[in-house]
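These are the residues of each chain, in order.
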Amino acid sequence: MRARELGLADPGTASVTHPSCTHTLGVDGKVFNSPQRTLDTERVDRATGEIRPVRQDPARGQHREGGASDVVLGTKFAIMSVRAPMAGLRVITGIQHVPAGDGRGEAGAFVDLACSAAELLPGARAPVGDGALRGTHINEIQTRTGLQVVSPPRTRSLGRGGVPIGGKGQAIKQLRPSPSRDKAFASCVHDLRAAGGIVERTIAADGTEIYTEVERGKVRRDALASGLWSLYAVHRLPCAQTGVTHEWSESLTPTSTDESYGFNRSEYMRAYQRSDPDYRRIYAMRQDTESFNVQFEQMFYKNRLPAWGLHRQTLAVLGAVMAQNAWALYVWHHLAEANKEPPGAAA
Ligand SMILES: [Zn+2]
């Protein structure tokens, strides 16, 4: 596989707790324009007055882009890529068409891409996506692949029950008891809640509520007999009441009691909190994938796919992907020959 040829996603250097950029899979959706430019289904020939049908592009659909409310017409693909530490050296690991109105949307395509990438690239550790990924998608990726999903925590405005964390309104849920927490907090009481990670709620002298993010440490993943995965993260909380630092393991994947409490764990317990330096570092790699959008826009005149129908359009995009990956391989060889440090060891 091309990514491995360039020394990317090397299983030998993969870290579960602090994945590097070469082990991070950036995913984003991209809408290409259709060669069909009109919504009309028929057109009048001005010279003869004859009514002719307009050729229809069956692949064209209505999509939302980048969380914007305006709808764009076109063919949408989800694109997953992995990059080298140096600028501009990236390999596309997969593309998938996003049908309009199939109920799964781009997040569904992200799930499929993450699951297939996990199989093909055993060194991959962290798929990173935008707010389109909700709890159910994150849960599906994490339990099926054992990879930690990096995506922004769920926001909620302060007026609608959100709490201020890191200057942003964030959705919050009470944490239900767990055996490991009960053991860690045997002799003191802390008001712990889930909001993008674990936060402690305290009340200041003037009555203001303060939410402090609890430090997340090492992540462990267990392969279950069922073929699924469990992810756990160590959490540490220095305690003013007892002087000790509480340490316990918190599940990132659903526990057996979550359902009875109605706790959507993956929605409120993200692998990384917003203030985590790893979150900022890894999430920046998703923003990085947006430069692909510009690149694709330049590859196709006016971002217009030169093909009709899904199968031909997919081939056109695949061609662009292969050109991108061939270029990445060329640059890599060029750097290796110039005796510069290649991105990771050659496979
Ligand atoms: Zn305590």
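Residues numbered from 1 in each chain as written. Predicted model: local features only at pLDDT ≥ 70, side-chain atom pairs only at ≥ 80, totals over all residues. Heavy atoms only, no water.

Undergrad: Honestly, the sheet that holds strand S13 (residues 209-213) in this entry has me stumped. Any pointers?
TA: The strands that make up a sheet are held in pairs by hydrogen bonds between backbone atoms, and each pair lies either parallel or antiparallel. With respect to topology, four strands assemble into an open sheet ordered S10-S11-S12-S13, the strand pairing being antiparallel. Edge positions in the open sheet fall to strand S10 (173-174) and S13, since each of these has one partner strand only. Sheet topology places strand S12 (residues 198-203) next to S13; five bridges connect them, and they run antiparallel. Counterpart to Glu200 in the pairing with S13 is Thr212. (Pairing = 2+ DSSP bridges. Helix = DSSP H or I, 4+ residues; strand = E, 2+ residues; numbered from the N terminus.)

Undergrad: Can you walk me through the coordination of the zinc ion in this structure?
TA: Tetrahedral coordination by four donors puts the ideal angle at the metal at 109.5 degrees, and octahedral coordination by six puts it at 90 or 180 degrees. Protein ligation of the zinc ion involves Cys188 (SG), His190 (NE2), Cys239 (SG) and His246 (NE2), the donor distances falling in the range 2.0 to 2.3 Å. If you look at the zinc ion, its four donor atoms make angles of 97 to 126° with each other, and the shape they trace is tetrahedral. As a motif over one chain, the donors of the zinc ion read C-x1-H-x48-C-x6-H. On the criterion of sequence distance, the pair formed by Cys188 in the loop between helix H4 (179-184) and strand S11 (192-194) and Cys239 in the loop between strand S15 (229-238) and strand S16 (245-251) is long-range, its members being 51 residues apart. An identical accessibility class is assigned to Cys188 and Cys239; each is buried. (Donors = N, O, S within 2.8 Å, 3.2 Å for Na, K, Ca; no water. Tetrahedral: all angles 85-135°; square planar, octahedral: opposite > 155°, others 65-115°. Buried < 20%, exposed > 50% of the residue type's maximum accessible area, 1.4 Å probe, protein only.)

Undergrad: Looking at this structure, I do not really get the environment of Asp112. What am I missing?
TA: You can see Asp112 is positioned in helix H2 (residues 105-120). Asp112 sits 34 residues away from Ala78 along the chain, and the two C-alpha atoms are 9.9 Å apart. Excluding residues that lie within four positions of it along the chain, Asp112 makes contacts with Gln96 and Arg104. (Contact = heavy atoms within 4.5 Å.)

Undergrad: In this structure, what is going on with the nonpolar core? I would like to understand it.
TA: In a soluble, globular protein the nonpolar side chains are often hidden away together inside. The biggest cluster of nonpolar side chains holds 27 residues, and the ones touching the most others in it are Val150, Phe185, Leu192, Ile198 and Trp248. Going through the elements one at a time, strand S7 (126-128), S11, S15 and helix H7 (277-299) are the ones with two or more residues in this core. When residues of this core are assigned to domains, at least three map to each of domain 1 (2-152 + 275-337) and domain 2 (158-268). With sequence-adjacent residues up to four places away left out, Trp248 is seen in contact with Ser180, Arg181, Ala184, Phe185, Leu192, Ile198, Val214, Ala233, Val234, His235, Arg236 and Leu237. In terms of nonpolar packing, the next biggest core, distinct from the first, is built from 26 residues, Val27, Ala84, Ala124 and Ala328 among them. (Core = buried A, V, L, I, M, F, W, Y, C linked by side-chain atoms within 4.5 Å. Domains from an automatic or database assignment.)

Undergrad: I tried to follow the pattern of salt bridges on my own but got confused; where do I start?
TA: When the charged atoms of two side chains with opposite charge come close together, those side chains can pair. Applying the stated criterion across every chain yields a total of 16 salt bridges. For Arg220, the salt bridge identified is with Asp222, shortest N-O distance 3.2 Å. On the basis of relative accessibility, which here comes to 45%, the residue Arg220 falls in the partly exposed class. Judged by relative accessible area, Asp222 falls into the partly exposed class, the value being 26%. Two residues, Arg265 and Asp258, come together in a salt bridge whose shortest N-O distance is 2.6 Å. Its relative accessible area of 6% is what places Arg265 among the buried residues. Since its relative accessible area comes to 4%, Asp258 is described here as buried. Three or more residues are tied together by salt bridges with common partners; here these are Arg134, Arg154, Glu267 and Arg270. (Salt bridge = Lys/Arg side-chain N within 4 Å of Asp/Glu carboxyl O.)

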